[in-house]
Amino acid sequence: MNDMRTSLKSWGEELKDVHLPRWHELPDIDLYMDQVITLVEKYLSPLITTEKHTLLTSSMVNNYVKQGLIPAPKKKRYNQKHLAFLIAITLLKQVLTIPEIKQGILFQGAVVGIREAYDLFVSEQEKALKVVVCQALEEEPIGTFSEPIPTELLAAKAATLSFATKMLSEKVIELEQLYLKKMER
C-alpha cells in the first residue's frame, strides 16, 4: 500500500507544474496538419497518456472541420485559432460528447470571445489539476467552488474539474491493479 501512495505522489509531482499554453503562447504562424498534431500532443501528453488514447489524428481534425467544431484550414494551413480549438476539444472529449463540446464552444465564444474563452478554459483546467494534485500529494485541498461562479462559466469549470478527477480516478485504479498483481505473487 505504501508503494501505491508513493507512486501516486510521484504522479502528483509530475503534474504539479503542468502549464497549458495561453493564446499568446501558441505559434503565430500557419502550420501544416502534421505540425498541428505534433504540437497538440506536446502540449497535452503530460495529461493524456497515449498508450490508452490516440490524442489527435488527421482524420479527427478533418471530422471536426466537417462537424463545424473548428473552422476549415486555409490552403491546408492551420493557425492559433485551430490549435486552441484542438487543445480544448482533445481535453473535453475525455469527459463530454462532441455535441456538448460544440455547444459549449459556441456559447463561450459568444459570451467572451474565442481568445478569452480559450484562456479561461486552460486557466480553469490548470486550477482543476491543482485540486487533484493536492489529493495525490496529500496536501491541504484547495476549494474549487469556494467562491460564487458566474453561471456562464460554470460549465467550463465543471468540465475541467471532471477531466482532472477522471485522470486521478484512472491513475488510482491503475495503481490498485499493480498493487493487486504484486500481492498475487
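This section reports on the structure supplied with the text.

Calculation criteria
- Here, residues in each chain are numbered from 1, in the same order as that chain's written sequence.
- Restriction of local features to residues with pLDDT of at least 70 applies here, the model being predicted, together with a cutoff of 80 or more for giving and counting side-chain atom pairs; totals for whole chains, interfaces and linings are based on all residues.
- Side-chain calculation: all heavy atoms of the structure are included, whereas hydrogens and water are not.
- Numbered from the N terminus, helices here are DSSP runs of H or I no shorter than four residues, and strands are runs of E no shorter than two.
- Here the globule rule is a power law, 2.2 Å times the number of residues to the power 0.38, and the radius of gyration is based on C-alpha atoms.
- Burial here depends on accessible area, computed with a 1.4 Å probe over protein chains only, as a share of the maximum for the residue type. Under 20% is buried, over 50% is exposed, and the range in between is partly exposed.
- For helices, the fitted line uses only the C-alpha atoms of the stretch in contact; every axis is such a line through C-alpha atoms, and the angle between N-to-C directions lies from 0 to 180 degrees.
- By convention, the crossing between two helices is left-handed when the near helix turns anticlockwise from the far helix through less than a right angle, and right-handed when the turn is clockwise.
- We call two residues contacting when some pair of their heavy atoms lies within 4.5 Å.
- Two kinds of site are reported from a 1 Å grid over the protein atoms alone, namely cavities, where a 1.4 Å probe fits but cannot get out, and pockets, open sets with protein on both sides within 12 Å along at least five of seven lines, and residues are called lining when an atom falls within 4 Å of a point.
- Grid points are joined across faces, edges and corners, and a volume is the space filled by probe spheres set on the points.
- Charged residues are taken to be Asp, Glu, Lys and Arg, nonpolar residues to be Ala, Val, Leu, Ile, Met, Phe, Trp, Tyr, Cys and Pro, and polar residues to be all remaining types, Gly included.
- Throughout this description, the term nonpolar core refers to a set of buried Ala, Val, Leu, Ile, Met, Phe, Trp, Tyr and Cys residues connected via side-chain atoms within 4.5 Å.
- Two aromatic rings, drawn from Phe, Tyr or Trp (for Trp, its six-membered ring), form a pair once their centres lie within 6.5 Å of each other, and the interplanar angle then sorts them: stacked below 30 degrees, edge-to-face above 60, tilted otherwise.

### Section: the overall build of the protein
Counting its secondary structure elements, the protein contains seven helices and zero strands. In sequence order, the secondary structure elements of the protein are arranged as α-α-α-α-α-α-α. Over its C-alpha trace the protein gives a radius of gyration of 18 Å, about what one expects of a compact globule, namely 16 Å for 185 residues. Considering only C-alpha atoms, the protein reaches an extent of 55 × 40 × 30 Å along its principal axes.

### Topic: the environment of Cys134
Tracing the backbone through its elements, the reader meets Cys134 in helix α6 (residues 114–137). As a C-alpha pair, Cys134 and Gly12 span 122 residues in sequence and 7.6 Å in three-dimensional space.

### Considering unusual backbone geometry
One non-glycine residue, Lys75, lies in the positive phi region at around 55°. Within the fold, Lys75 resides in the loop between α3 (58–66) and α4 (80–92). Of note in this structure, Glu138 is not a glycine but carries a positive phi near 55°. For Glu138, the location among the structural elements is in the loop between α6 and α7 (151–184). Glu138 sits in the partly exposed class, given a relative accessible area of 49%.

### Here's the deal with the packing of α4 against α6
In contact at an axis separation of 11 Å, α4 and α6 are set at 40° when each is read in the N-to-C sense. Read as a crossing pair, α4 and α6 show a hand that is left-handed. Contacts between α4 and α6 pair Lys81, Ala84, Phe85, Ile87, Ala88, Leu91 and Leu92 from the former with Ile114, Tyr118, Phe121 and Gln125 from the latter.

### Observations concerning the layout of surface pockets
Sizing a probe to match a water molecule and rolling it over the atoms shows the empty space that remains. For the largest pocket, the calculated volume is near 440 Å³. As for the largest pocket, its lining consists of 23 residues, and the residues nearest its centre are Leu92, Gly104, Ile105, Gln108 and Ala156. The set of elements that each furnish at least two residues to the lining of the largest pocket consists of α4, α5 (98–112), α6 and α7. No other element matches α5, which puts eight residues into the lining of the largest pocket. A class-by-class count of the residues in the lining of the largest pocket yields 16 nonpolar, five polar and two charged.

### What about the nonpolar core?
Within the largest apolar cluster, 54 residues are counted, with the highest numbers of intra-cluster contacts made by Leu44, Leu47 and Leu91. When residues of this core are traced back to their parent elements, those giving at least two are α1 (2–16), α2 (33–44), α3, α4, α5, α6 and α7. No other element matches the 10 residues that α6 contributes to this core. Not counting the four nearest positions on each side in its chain, Leu47 is found in contact with Leu15, Val18, Leu20, Leu91, Leu129, Phe163 and Met167.

### Comments concerning the packing of aromatic side chains
For the structure shown, the criterion picks out one aromatic pair. Ring geometry for Trp23 versus Tyr118: centroids 6.3 Å apart, planes at 70°, classification edge-to-face. Taken together, the positions of Trp23 in the loop between α1 and α2 and Tyr118 in helix α6 put the pair 95 residues apart, joining distant regions of the chain.

By themselves, these figures tell us nothing about what the structure is for.
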